[in-house]
Every structure is written in structure tokens, then in C-alpha cells.
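Next come the chains, spelled out residue by residue.
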Amino acid sequence: MNIPMKTSNAASNTVGQALARMQSRGLDRLDAQLLLLHILDKPANQRGWLLAHDSDLLPPEHAAYLEPLVQRRLAGEPLAYLTGHKEFFGLDLRVDARVLVPRPDTETLVNWALETLNGQQRALDLGTGSGAIALALKASRPTLDIHATDTSASALAVAQTNAQRLKLDISFYQGAWFAALPEPCEPFDCIVANPPYIAELDPHLAALKFEPAQALSSGADGLADSRQIISEAPKYLTPGGWLLLEHGYDQAQAVRRLLTKAGFASVRSRQDLAGVERCSGGLLNPTPKP
Ligand code: GLN
């Protein structure tokens, strides 16, 4: 959206006043700044511009664009759906209500996967959503052969758009977890997933009502999808290959137990930015020769 700035001193609605008004209605300072930059067609890293232009007048029609976005944000809609962008692992991703908004905590999973992968190895991102993990892996290590699935055709459309815009080559497949893959399927050196992991009756879901429910909740204990992925993954991993999963703040022990029960070795967890055990994984032991 590109609205020309006025330099005349007509009835005043300056950048500073618009920001103050949004904050007095309950918006965070950062959200107010990012919404105004969006309306002015300026990138999110231009917050300094707002300070430097604090007393510039906004064109009167800006309110017509800004007001509905302010109302949607106040109603709890994620900022990323309003601006249509989310930064993840240094990539500018397009996002909308068809996909979960990528969270910074998921960067832990990307870093871990990159540590286990090298050369032209194959990696799989199950339930890719916006494509965040798959794209971050490919952007960081272009020689990797990256595959990604999602059960939602509309989520895959978002991921594909992101891959095209970022010129990153990913093989996408639609379907539920491993069922999406073509048969026969060459094994992967690393499988990553940020599956839905919130318990169906968890009150936290109310705060996430704008995001796709199927990307968030998973059975009575939140672990139904993780259980399925862990039990099927050994068939799709190379010997020594890693399975890495994101999970809820209180699920690390349960996920480690599931991994150990399924025969994974070197089972361990990693913390997110807040110091919470947020990802767990293990490697598939080479089968001893008879
Ligand atoms: N981390 C997200 C949240 O709790 C949930 C993501 C997921 O279920 N995979 O807001």
C-alpha cells in the first residue's frame, strides 16, 4: 500500500499522534509502529524512520486503511496476518490465515537440524505450513536436498509461493505426515517437524483462535501427531539419521520417552530462546549386521 505523504500543514494527524492514539487504544508500541510502517509501504526495519518523521503529517485517507487493521489487532489477530509478512531465520516469509505464524522458538529446531546435516544430504520437513523450516534449511545450506509435506493444500500453496519468491528449490508433497511421500521413497538423513502439539481442551487455544486449528491441537494430550511421527519415522530414516521434533513447554520428557520406546538413540532435548525444553530428538541406530 503506498499512500503519498503530505507536507502541507492541514488538519493535524502526524506520525507521532497516530502512534500515540493507537497505543492509547491498547496496541503495543511495536505493533503500532509496524502497522503504520505497513500502511506507509515501508519495511519493518524502518522503525527509525517513524522517529525521524514524528511530526510529518499523514494523509487523511491513511485512517481508512489503518483503522480496520487496528481493530483486527485489538481483537487478537496476529500482526503477521495483518501485514502479510513474518521474518523467520532471516527470511521474509509471506503468511496468512492458511498457515501457522512461524515462531522464533522454532529456529532452535532449524539450528539443530543444520548441525546434523552436511553436503547433499536429504532432509524432510513434515507439516511445513508456510515452509518456514524447509526454506530456512535450504537458504542456509543450498546443497541440501529438501523435501516438505503438509496435509493442507492451502498451506502448501503458501509454502510454494514462499519458495518461488525466495528462489529456493524444495520438493513439496500433500498428505498426512509420511503418507504424503511417494512410494518407494529414498530415506532421509534428517526429519524435522513442528507438529500440532496443544491438547484439544487446553485453554491456551482460545488465544490462538485466528490460526488454523489443525496446525495447533493434537488429541487429548497434544501428543497424538508426535506419537504417529515418532512411530513411523524409523522406516524413512537412513541409519544414523536424526528425527527432531518441536513440542510443548511441558512435553519434553514425554517425547523423549516416546523416542526411546521407538528405538531411537542419543535421545536429548534442546531449549528455546526462553530456556524452555522445546525440541527433542534422537538418531536411528545402524541396525547391527546379523
Ligand atoms: N508454539 C505454538 C504456540 O504455542 C504452537 C505451535 C504448534 O502447535 N506446533 O503458540
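Our structure is the block above this text.
Here the structure is a predicted model, which means the values were calculated and not measured. (Residues numbered from 1 in each chain as written. Predicted model: local features only at pLDDT ≥ 70, side-chain atom pairs only at ≥ 80, totals over all residues. Heavy atoms only, no water.)

J.: I would appreciate a short explanation of the site of the ligand in the present structure.
T.: Residues in contact with the ligand, as listed here, are Leu-100, Arg-103, Asn-194, Pro-195, Pro-196, Tyr-197, Ile-198, Leu-208, Ala-215, Leu-216 and Glu-246. Between the ligand and Asn-194, the relevant distance is 2.8 Å, taken from a nitrogen atom to a side-chain nitrogen or oxygen of the residue. In this structure, a nitrogen atom belonging to the ligand sits 2.8 Å away from a main-chain N or O atom of Pro-195. (Near = heavy atom within 4 Å. Polar contact = N/O pair within 3.5 Å; in protein donor to acceptor, adjacent residues only side chain to side chain.)

J.: What exactly am I supposed to notice about the pattern of salt bridges here?
T.: As a working rule, side chains carrying opposite charge can pair if their charged atoms are close by. What the rule picks out here adds up to 12 salt bridges. Between Glu-211 and Arg-103 there is a salt bridge; the shortest N-O distance is 2.9 Å. Pair noted here: Glu-211 is in the loop between β6 (188-193) and α9 (224-232) and Arg-103 is in the loop between β2 (91-94) and α6 (107-116), with a separation of 108 residues, a long-range link. The salt bridge involving Arg-270 is made with Glu-115; its shortest N-O contact spans 2.7 Å. One end of the pair, Arg-270, is in strand β8 (residues 264-271); the other, Glu-115, is in helix α6, and 155 residues separate them in sequence. Accessibility expressed as a relative area gives 27% for Arg-270, which makes it partly exposed. Within this structure, Arg-122, Asp-145 and Glu-186 form a network of salt bridges that share partners. (Salt bridge = Lys/Arg side-chain N within 4 Å of Asp/Glu carboxyl O. Helix = DSSP H or I, 4+ residues; strand = E, 2+ residues; numbered from the N terminus. Buried < 20%, exposed > 50% of the residue type's maximum accessible area, 1.4 Å probe, protein only.)

J.: Is there a simple way to think about the side chain of Thr-238 in this case?
T.: Tracing the chain through its elements places Thr-238 in strand β7 (residues 237-246). According to the relative accessible area criterion, Thr-238 is buried, its value standing at 15%.

J.: Help me understand the pairing of strand β4 (residues 145-150), please; the structure alone is not making it clear to me.
T.: Each regular strand displays side chains that alternate between the two surfaces of the sheet. Of all 6 residues in β4, 5 are buried; the element is thus mostly enclosed. In this sheet, β4 lies alongside strand β3 (residues 122-126) in parallel orientation, the contact comprising 5 bridges. Paired with Leu-124 across the two strands is His-147, which belongs to β4. Once the chain exits β3 it traverses helix α7 (residues 132-140) before rejoining the sheet at β4, and the crossover so formed is right-handed. As defined by bridge partners, β4 adjoins strand β5 (residues 171-174) across 4 bridges and the pair is classed as parallel. Bridge pairing in β5 places Ala-148 opposite Phe-172. Since β4 and β5 lie parallel, the crossover through helix α8 (residues 153-166) that links them has a hand, and here it is right-handed. (Pairing = 2+ DSSP bridges. Right-handed = clockwise from strand over helix to strand, strands pointing away.)

J.: Hey, could you run me through α6 in this one?
T.: Residue pairs spaced three or four apart in an α-helix point in one direction, given the helix's 3.6 residues per turn. Taking burial as the measure, the 10 residues of α6 include 7 buried ones, the bulk of the element. The complete set of buried residues in α6 reads Thr-108, Leu-109, Val-110, Trp-112, Ala-113, Leu-114 and Thr-116. If you follow the buried residues of α6, they end up packed against β1 (85-88), α7, β6, β7, β8 and β9 (277-284). (Contact = heavy atoms within 4.5 Å.)

J.: Please explain the layout of surface pockets as it appears in this structure.
T.: Over the atoms rolls a probe the size of a water molecule, and its path tells where empty space is left. Of the volumes computed, that of the largest pocket is approximately 690 Å³. Lining the largest pocket we find 20 residues, and of these Ala-44, Thr-83, His-85, Lys-86 and Glu-87 sit closest to its centre. When residues of the lining of the largest pocket are traced back to their parent elements, those giving at least two are α2 (29-39), α5 (79-83) and β1. (1 Å grid on protein atoms, 1.4 Å probe; cavity = no way out; pocket = protein on both sides within 12 Å on 5 of 7 lines; lining within 4 Å. Points joined across faces, edges and corners; volume = space filled by probe spheres on them.)

J.: Help me understand the environment of Leu-284, please; the structure alone is not making it clear to me.
T.: Topologically, Leu-284 is positioned in strand β9. With relative accessibility at 15%, the residue Leu-284 sits in the buried group. Placed 45 residues apart in sequence, Leu-284 and Pro-239 show a C-alpha to C-alpha distance of 5.5 Å. The residues touching Leu-284, leaving out its near neighbours within four places in the chain, are Pro-234, Leu-237, Thr-238, Pro-239, Gly-240, Gly-241 and Phe-264.

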